[in-house]
Structures are given as structure tokens and as C-alpha cells.
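Remarks on the overall topology
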Amino acid sequence: MPIPETDLDDFRSAVQEWCREHVPAGWRKAQTGVPDEEYIAFQQWWFARLREAGYAVPHWPARWGGGMPLAQQAVLYQELAAHDAPRLVLAFVAIHHAAATLLEAGTEEQRARHLPAILDGEIWAQGFSEPEAGSDLASLRTTARPDGDRYIVNGQKLWASGAAYADWCLLLARTDPAARKRDGISYFLLDMRTPGIDVRPIQNAVGESHFCEIFLNDVAVPAANLVGAENTGWRVAQATLGAERGLTMLELAERLGNAGFRWLVEACGRLGLLTDSLTADRLAGFETEITGLRALCQDLVERHESGRAGPADASIVKLYYSELLQRMTGFGAEVTGLPAHALLHKPASSGWESGAWMLDHIGSWEWTIPGGTSEIQRNIIAERGLGLPREASA
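Below, the structure is looked at part by part. All values derive from a computational prediction rather than experimental measurement. (Residues numbered from 1 in each chain as written. Predicted model: local features only at pLDDT ≥ 70, side-chain atom pairs only at ≥ 80, totals over all residues. Heavy atoms only, no water.)

1. Details of empty space enclosed by the protein
Using the criterion set out here, one finds three cavities of 30 Å³ or more in the structure. Considered as a void within the structure, the largest cavity measures approximately 130 Å³ in volume. Lining the largest cavity are 15 residues, and of these Ala-56, Tyr-77, Leu-88, Ile-95 and Glu-251 sit closest to its centre. Counting only elements with at least two residues in the lining of the largest cavity, the list comes to helix 4 (70-82), helix 5 (92-105) and helix 8 (249-270). When residues in the lining of the largest cavity are grouped by element, the largest group, three residues, is from helix 5. Class assignment for the residues of the lining of the largest cavity results in ten nonpolar, two polar and three charged. (1 Å grid on protein atoms, 1.4 Å probe; cavity = no way out; pocket = protein on both sides within 12 Å on 5 of 7 lines; lining within 4 Å. Points joined across faces, edges and corners; volume = space filled by probe spheres on them. Helix = DSSP H or I, 4+ residues; strand = E, 2+ residues; numbered from the N terminus. Nonpolar A, V, L, I, M, F, W, Y, C, P; charged D, E, K, R; others polar.)

Below is the structure:
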């Protein structure tokens, strides 16, 4: 049943009042160039504030601390973005990917163990990609060998966001080397404090280490940490990838529109470019695309909640968002010129559009890769959405 507009207006007013009281002033400057321990402490403090207000996991079921109607979720994300609230970067994998996996395929014991812990600040990473298994994830080589009531895991994971801070990891490993690629994979919950795990941050060109490698040497994982049945990990992983490609977009679309686009217009205004016809045309195009993105996100979540989501819907939204983010941040880097190119740090708790346009543009390329590259998304849309035949193997 739709929520009456008056109720939505009251909810919006309540969120606005909360943001005015709780969004920390000057947090962007304070979070720029900070050491890891300050970043982690700030992120956990902010998560706790959102949890107290009931705003941390609105998309979760009511039993686990969520249950907010979709229309209110949209209002919440609009207002958090409009009031420039910090983004939950550190908790992102936990509250979206881990939660989606546990709610879809986890046991009651696994949900009872981890969902409350996530609300208490448990940090998660995702151990899917490998050096020889990025877009072709089914080619992963990490192995998990049954050994009594546990599995012994050996291998390497790559591009694991935030793994240096993580308490737990969503892990895919091959449990049946003789099976077809997708049929021999299992899904595990990995305690990152287990002996035999070596996490190595990957430093990028500007000195940041968002991504990490994870090396696993005879790591013992209890059989109770298997999610779903053995060798069904590929199907379980679709819940994780679906969250990454789809439902997380509702918030990110509002960030792009309420924060990123607003700052882009303001930057153009400061440079006296708003009267330039070419600039005005580009800005109008971005505004139109953002409106379309918001509509797509809204439609996807409504379809998901009603059980009508198509097999390619999440891929459409993920592809559209990631490439729009790339174009928009690229335009920001283009018009703001050398000063933007000289920045070496952006606020650690910001979104993908912080106003440090060159760093934002570099970061935007990450979004065309995780959860399946743009090429993979186009294949999914073509084959599963449009019913086109698979391309013949060479």
C-alpha cells in the first residue's frame, strides 16, 4: 500500500531535522588525508549514529533492524545526500553484500551470529576475484579441501576492497576440481583472524590502498561457515552480485544527483562557465541522465520487492550508473583544470563524487569493473534480458 504524501512529508521533515543536528560540520576537511585509525574510528562512530536513528540498514527486514518502506528509503537517501552526510564506506560490503547473502542463503545460526554483529560494527570484505579470475570469475583457482568438520583453503584473492580492515570475508573457493567451472565452487564465511591469512594492501598512483590482495595458506574454515550446500557457491554468489549491481544503487543514485551534480554545477558557476552554451548543454544532459538513473533504481527496487525483477535488470542499472559516474567525473576534471589535477587526497568518508574531480574520475573506473565489468554487464543484458544467443567461442 502506498504511503500517503503527508506521511512522507512528515518523515522527510524528521530526517532533515536529524541531519541538521547530527551531520558533523567540517567532516570533509577533517577526513582528508587522515591515518587509517582515524578513518576507521570516524566510520564506526557515524555508523553507530545512523543505527541509533534507525537509518543504518533501512533495506534489511524489520526483524533485523530494518523494514523501512521503499518510499521512505528513497527520501532518507535523498536527504542524507542533500545534507552532505558522510557515506558508510567501511560498512558497505557488510550491510549490502554480506547481509544479502546471509538473508538469501545463510542458515538461521549464521544470520543470528553475523547480522547483529554487523550492526555492532563488524567489517566485511569480499574475496571473489583472483589474478586469473576477474571478469571470468568461474575460473577461480583457490581451493577448499574437506578435512573432517572443516575445509583447508589455499589460494589468492585480488582487488578485495577494505580487506586490511575486515573482520570477516565472503569467500569463493573450488571444492570440486573435476566439476564444470561453475558447478564446483562453494561459498564460505571466512574469519580474517584465522592463521594462514596474509593481507597485502595494493598502493595506487596517489598512495591510497583501497584494494588488497589476500593470500591463503592452509587456512582452516569450519564446515559450519559454508553458505548453502557444497558446490552451489556460484548460485549463492548471485545474491551477493545482485546486491552489488542493483539494490545498492538507490543510495548511490541520490548521492550522484544531490551531491555530485550539485557540486559540478557549483564548480562551473565559480569558473563562469554556466553561460557557455556547450557547458550548459553538457550539464543539462547529465541532469537528464540522473533523472533516468533514479527512475531505473526505483523501478528495480520495486520489481525486486514484488518478485518481478528480470534477470538483467540489476545489470542495466549497474552499467548505467558506473558509466554515467565516469562521464560526469571526467567532465568535472576537464572543466576544473590543473587545480583539480594537483589534488592528492579526497575525504576518506565521501562517496565516489567528492568534488576532487580528478581523483573522483580515477576512482570512477573502479565502478566499471567490480560486480562484473561493463563488457560482462552488456553480455548479461544481451543474453538474459534480450534473449540473444551467446557469442560462439573462438
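2. What to know about helix 5
Between its terminal C-alpha atoms helix 5 stretches 19 Å, which fits the 20 Å expected from 14 residues at 1.5 Å a residue. In terms of burial, helix 5 is largely enclosed, as ten of its 14 residues are buried. Listed as buried for helix 5 are Phe-92, Val-93, Ala-94, Ile-95, His-96, His-97, Ala-98, Ala-99, Thr-101 and Leu-102. (Expected span 1.5 Å × (residues − 1). Buried < 20%, exposed > 50% of the residue type's maximum accessible area, 1.4 Å probe, protein only.)

3. Regarding the packing of helix 8 against helix 9 (residues 277-306)
Two numbers describe how helix 8 lies on helix 9: the axes approach to 9 Å, and their chain directions differ by 170 degrees. Taken together, the axes of helix 8 and helix 9 are roughly antiparallel relative to one another. As helix 8 runs across helix 9, the sense of the crossing is left-handed. Residues Met-249, Leu-250, Ala-253, Glu-254, Leu-256, Gly-257, Asn-258, Phe-261, Leu-264, Val-265 and Cys-268 of helix 8 lie in contact with helix 9, whose contacting residues are Thr-279, Leu-283, Phe-286, Glu-287, Ile-290, Leu-293, Arg-294, Cys-297, Gln-298 and Val-301. A class-by-class count of the residues in the contact of helix 8 with helix 9 yields 14 nonpolar, four polar and three charged. (Axes fitted to C-alpha atoms, helices over the stretch in contact; angles between N-to-C directions. Parallel < 35°, antiparallel > 145°, perpendicular 65-115°, else oblique. Left-handed = near helix turned anticlockwise from the far one by under 90°. Contact = heavy atoms within 4.5 Å.)

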